[in-house]
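Observations on the three-dimensional arrangement
For reference, the chains in residue letters:
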Protein chains: 2
Amino acid sequence: MAADPVRIEDPADPRISGFVSIRERDLTGRDGLFIAEGTVVLRMLGQAAARANGFAAEAILLLENRLAGIADLLEAFPPGVPVYVASAAVFDAIAGFNMHRGVLALGRKPAAEAEAGLLGRLPETSLVLAGCGLSNHDNVGSIFRNAAAFGADAVFLDETSCDPLYRKAIRVSVGSVLAVPFARRLPAQAMLHGLADAGFDIWGLSPRGEVLVSAIPAARRIALVLGTEGEGLPQGILASFRTARIPQRPGLDSLNVATASGIALYEIASAMGRIG
Amino acid sequence: MAADPVRIEDPADPRISGFVSIRERDLTGRDGLFIAEGTVVLRMLGQAAARANGFAAEAILLLENRLAGIADLLEAFPPGVPVYVASAAVFDAIAGFNMHRGVLALGRKPAAEAEAGLLGRLPETSLVLAGCGLSNHDNVGSIFRNAAAFGADAVFLDETSCDPLYRKAIRVSVGSVLAVPFARRLPAQAMLHGLADAGFDIWGLSPRGEVLVSAIPAARRIALVLGTEGEGLPQGILASFRTARIPQRPGLDSLNVATASGIALYEIASAMGRIG
């Protein structure tokens, strides 16, 4: 159980300084901290911390009328995690905008070494996603949600992709970014060659892919590669690896990358016998 | 070709009053008008108007430096459609916020009779979506995008679902709401029974559906029914019709409804021989 709730009366109270103006703060991602919003994400953070997967909670800030309803969620956090409670006026003054959800937590990311060692920790049979240049937080959040739904073992993002621990991405992922291990550290080619060296079949998803996603052969280890919307995967990657496509009506615009990831994961997870 | 461009110097010019403060206006949806943003949506509006499917453009407003780049798009509009051009300062003063895209059109919806007659106009072999209580504009926009990608013939929304011609939904749909015919007028049960009476096999999509989506048998006419996120389809609908599920890992949160619609449409369109 987290610590007993402490009432905050002053928005400038240094104990809740981590929650001040979070709309601006989460643009920086500094200090290895991130903001978790809402009860679903708070539950995921508690579960992540309990699994000792590297995530931790630094503090929890609640609107006073939310406390009773989430007492069970607070059970999951260690006693050292402070819980602060505030009135609506103080809460809004702290967070910098009207937070109707009234449930915030300040989380700490796993150490950088955890990301560096992720590839080596994957199970013998693995399905992973690899994102190249994914710059839209909604898409990245949705992709993690799909990864969780279809049991992907990890998500690898190239260094140009955006941070999945950005507030909006966490929310759209429904907290899945705290459950599906990820690394975001390498240039795209190095990331993909590292996966190939580790025994992964690499499949780039592209509207002009060679084979249908339903024809991707089952394998011990498969990495599905996603490119940014609009431009898609760079030519160098399309030329270096096999590619697959989702059949669809001809037209100007392809599927949204998150939806495409869901369909392709569904097909591949089915082929690998992981779902259904 | 639309009319010759007219330069606007005064944000209060009555000729561009339809574009004033569009952020607030599109919440009302009054007057049968809607706002189209960006070149992709403008192209879709031009195509819709050219197909005489009931959509029309009332006026086009462009940032001055965008005019040259989209001259070809303007070809699709009739000569009676005025084209207004403004500097960045005047453009922002009109629209009420910084419109970096610099491409806006004021569109007119089809008449209500067109919606009422949609069911009767569907082809003998049809795949349609039916949404019940879809209140999130992003989800509705994404669902239309998927409907277009997989060749759905129409989208039916119950009267509690949100308007697909809300600005955000149009943008997320990449203009597909202007291409896929839709109706939004009936209570859910009346809508679904109307589809059943018209020979549609009705399949509710639910995490607890009876059969896998891949096991939905091909049929001449299929309607895929989507419920709101979180609550899902009402029990009355689940009990009245057959249901299908997307296999996924057990967990608290199901797939996003738009992603689920994409996967289910992909399976059904494949079974009906419409893609691939």
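What counts as what
Residues numbered from 1 in each chain as written. Chains lettered and ligands numbered in written order. Predicted model: local features only at pLDDT ≥ 70, side-chain atom pairs only at ≥ 80, totals over all residues. Heavy atoms only, no water. Helix = DSSP H or I, 4+ residues; strand = E, 2+ residues; numbered from the N terminus. Rg over C-alpha atoms; globule rule 2.2 N^0.38 Å. Buried < 20%, exposed > 50% of the residue type's maximum accessible area, 1.4 Å probe, protein only. Contact = heavy atoms within 4.5 Å. Lys, Arg positive; Asp, Glu negative; His and termini not counted. Charge placed at Lys NZ, Arg CZ, Asp CG, Glu CD. Domains from an automatic or database assignment. Salt bridge = Lys/Arg side-chain N within 4 Å of Asp/Glu carboxyl O. Buried area = accessible area lost by both parts, 1.4 Å probe. Polar contact = N/O pair within 3.5 Å; in protein donor to acceptor, adjacent residues only side chain to side chain. Nonpolar A, V, L, I, M, F, W, Y, C, P; charged D, E, K, R; others polar. Pairing = 2+ DSSP bridges. Axes fitted to C-alpha atoms, helices over the stretch in contact; angles between N-to-C directions.

Per the secondary structure count, chain A includes eleven helices and twelve strands. Its C-alpha radius of gyration of 20 Å places chain A within 12% of the 19 Å reference for a compact globule of 276 residues. Taken along the three principal axes of its C-alpha coordinates, chain A extends 60 × 40 × 35 Å. Looking at the 276 residues of chain A, the share that counts as buried comes to 52%. The long-range fraction of contacts in chain A, counting pairs at least 24 apart against all pairs at least 6 apart in sequence, stands at 78%. In chain A, which carries 25 positive and 28 negative side-chain charges, the distance between the mean positions of the two groups comes to 3 Å.

Interface extent is often summarised as the accessible area lost during association of the parts. All names here are of chain A. For chain A, the assigned domains read domain 1 (5-112) and domain 2 (122-271). A separation of 30 Å is found between the C-alpha centroids of domain 1 and domain 2. Of the residues lining the interface, 18 residues belong to domain 1; the matching set on domain 2 comes to 13 residues. Inspection of the region where domain 1 meets domain 2 yields three salt bridges.

So, on to the interface of chain B and chain A. Listed by partner, the interface residues are 29 residues for chain B and 29 residues for chain A. Together, Arg 145, Arg 249 and Tyr 266 of chain B form the three largest contributors to the area buried by chain B at its contact with chain A, with a combined 27%. For the pair chain B and chain A, the number of links is zero salt bridges. Where chain B meets chain A, there are eight residue pairs in polar contact (both at pLDDT 80 or more). Mapped onto the side of chain B that touches chain A, the elements with two or more residues apiece are helix H2 (38-50), helix H7 (137-149) and helix H11 (257-271) of chain B. Take the side of chain B that touches chain A: its biggest share by element is five residues, from H11 of chain B. Each residue belonging to the side of chain B that touches chain A can be placed in one class, and the counts come to 13 nonpolar, nine polar and seven charged.

This part is about the sheet that holds strand E6 (residues 126-132) of chain B. Residues and elements named next belong to chain B. The seven strands are arranged E8-E7-E6-E11-E9-E12-E10 in an open sheet whose pairing can be described as parallel. With partners counted over all chains shown, the strands left at the sheet margins are strand E8 (182-186) and strand E10 (211-212), one partner each. As paired elements, E6 and strand E7 (residues 154-158) share four bridges and run parallel to each other. Bridging from a neighbouring strand, Gly 131 pairs with Leu 157 of E7. The sheet strands contacting helix H9 (residues 188-197) are E6, E7, E8, strand E9 (201-205) and strand E11 (221-227), and the helix crosses E6 at an angle near 165°.

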